[in-house]
Amino acid sequence: MPKARFENIYRDLKVKILDGTYAYQTFLPTETELTASYACSRNTLRRALSMLSDETYLQPIHGKGVRVIWQKQSHEILGSLEGLESFHEYAERNGLIPFTEVKQFDAITCTAALAERTGFLVGDQLIRIVRVRGLNGVARQVDHDYLLSSAVQGLTEKDAAHSIFSYLENTLGMRILTSKRQITVELASDEDSSYLDLGPYNSVAVTESNSFNSEGIMFEFTQSRSHPMTFCYNVISKREAKQV
């Protein structure tokens, strides 16, 4: 499915902000200059700028222009709770080399206990996958994935070793829309310790997510168990203007 024009502009501007082409506290070129540069309409450009403003990369200043307010964080590896990205996209954005080892890949039937935990229905046919994910050769995350078989037809172990999201979007043409997440901290299990070099840590950060496609179908439940050294995420908070 081709990307909309504004999404390409959004991505290009974001890269230029991240690499310092448009530095912190500077103003972007004018709207006229940007529409000429991208050969797009003002509405298309404004949609891309609005997305970057919502993610707090930019802030429009009335009468002055659009200022860059994104600043590089001190933490070396940084995720984003607002975005919905694959592990490979997360690694690429941080300039790291990802790897994935598939430890388990099998077909199961959803039980009552699993239904309560994941949100799938009893009797649903699922694919269960366990993957160890790493960055620059070091294991940093263990993913326990449960996918609705009817929604991910043809998915193979090879696809899971690369990127499930890439297969769903590029091969099946699925539009992945939203994900609900819950984040907790748990004592490390024996499995965590066997896959991750936890060193002095006795705990892992646990993210559970339910992902939905554009048809409103929950196609995936994932529990990611992450090494504390690489678990750092941005969250955007906005204060609503008070009525005086």
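Residues numbered from 1 in each chain as written. Predicted model: local features only at pLDDT ≥ 70, side-chain atom pairs only at ≥ 80, totals over all residues. Heavy atoms only, no water.

1. A word on the environment of phenylalanine 212
(1) Moving on: By the element assignment, phenylalanine 212 lies in strand E8 (residues 203-213).
(2) Moving on: In this structure, the C-alpha to C-alpha distance between phenylalanine 212 and glutamine 125, residues 87 residues apart in sequence, is 17 Å.
(3) Moving on: When neighbours within four sequence positions are excluded, phenylalanine 212 is seen to be in contact with Ile176, Leu177, Thr178, Lys180, Ile217, Met218 and Phe219. (Helix = DSSP H or I, 4+ residues; strand = E, 2+ residues; numbered from the N terminus. Contact = heavy atoms within 4.5 Å.)

2. Observations concerning the sheet that holds strand E4 (residues 98-109)
Backbone hydrogen bonds are what pair the strands of a sheet, in a parallel or an antiparallel way.
(1) Moving on: In spatial order, the strands read E4-E5-E6-E9-E8-E7; together these 6 strands make up an open sheet with antiparallel pairing. The open sheet has two edge strands with one neighbour each: E4 and strand E7 (176-187). Within the sheet, the average angular offset between the axes of one strand and its neighbour, ignoring direction, is 15°.
(2) Moving on: As paired strands, E7 and E8 are joined by 11 bridges and run antiparallel to one another. Within E8, the residue paired with valine 185 across the bridge is alanine 205. (Pairing = 2+ DSSP bridges. Axes fitted to C-alpha atoms, helices over the stretch in contact; angles between N-to-C directions.)

3. Structural notes on the side chain of serine 203
(1) Moving on: Relative to the helices and strands, serine 203 is located in strand E8.
(2) Moving on: Apart from residues no more than four positions distant in its own chain, serine 203 is found in contact with Val185, Glu186, Leu187, Ala188, Leu198 and Pro228.

4. Concerning the pairing of E8
(1) Moving on: For E8, a buried count of 11 out of 11 residues is recorded, marking the element as mostly surrounded by other parts of the structure.
(2) Moving on: As paired strands, E8 and strand E9 (residues 218-226) are joined by 8 bridges and run antiparallel to one another. Considered in E9, the bridge of valine 206 is made with arginine 225.
(3) Moving on: Hairpin connection between E8 and E9: a loop of 4 residues separates the two successive antiparallel strands, and glycine 216 in this loop has a positive phi of roughly 80°. (Buried < 20%, exposed > 50% of the residue type's maximum accessible area, 1.4 Å probe, protein only.)

5. Concerning the confidence of the model for the protein chain
(1) Moving on: Taken as a whole, the protein chain shows an average pLDDT of 90; of its residues, 91% reach a score of 70 or greater.
(2) Moving on: For the protein chain, the element scoring lowest by mean pLDDT is strand E3 (residues 79-80), at 60; helix H5 (residues 112-118) scores highest, at 97. (pLDDT = per-residue confidence, 0-100.)

6. Observations concerning helix H7 (residues 164-171)
(1) Moving on: Within the sequence span of H7, burial applies to Ile164, Phe165, Tyr167 and Leu168. End-on, the buried residues of H7 take up no more than an arc of 165°, which puts them together on one face. Exposed residues lying more than 90 degrees from the buried face of H7 are Asn170 and Thr171.
(2) Moving on: Against strand E5 (125-135), strand E6 (138-148), helix H6 (157-162), E7 and E9 lie the buried residues of H7.
(3) Moving on: Structurally, the start of H7 carries an N-cap: the backbone nitrogen of serine 166 is 3.1 Å from a side-chain oxygen of serine 163.
(4) Moving on: Looking one or two residues past H7, glycine 173 carries a phi angle of roughly 75°, positive in sign. (Arc of directions from axis to C-beta. Polar contact = N/O pair within 3.5 Å; in protein donor to acceptor, adjacent residues only side chain to side chain.)

7. A look at unusual backbone geometry
(1) Moving on: The phi dihedral of glutamine 25 falls on the positive side, at around 75°, and the residue is not glycine.
(2) Moving on: In this structure, glutamine 25 sits in the loop between helix H1 (5-18) and helix H2 (31-38).
(3) Moving on: Positive phi is not limited to glycine here, since asparagine 136 has a value of about 50°.
(4) Moving on: Among the structural elements, asparagine 136 can be located in the loop between E5 and E6.
(5) Moving on: Looking at asparagine 136, the relative accessible area reads 45%, which means it is partly exposed.

8. Structural notes on H2
The α-helix winds at 3.6 residues per turn, so residues separated by three or four positions along the chain end up facing the same way.
(1) Moving on: Among all positions in H2, only Leu34, Thr35 and Tyr38 are buried. Taken end-on, H2 shows its buried residues confined to a sector of 100°, consistent with a single buried face. Looking at H2, the residues exposed on the side facing more than 90 degrees away from the buried face are Ala36 and Ser37.
(2) Moving on: On its buried side, H2 packs onto H1 and helix H3 (42-54).
(3) Moving on: One or two residues past the end of H2 sits alanine 39, with phi positive at roughly 50°.

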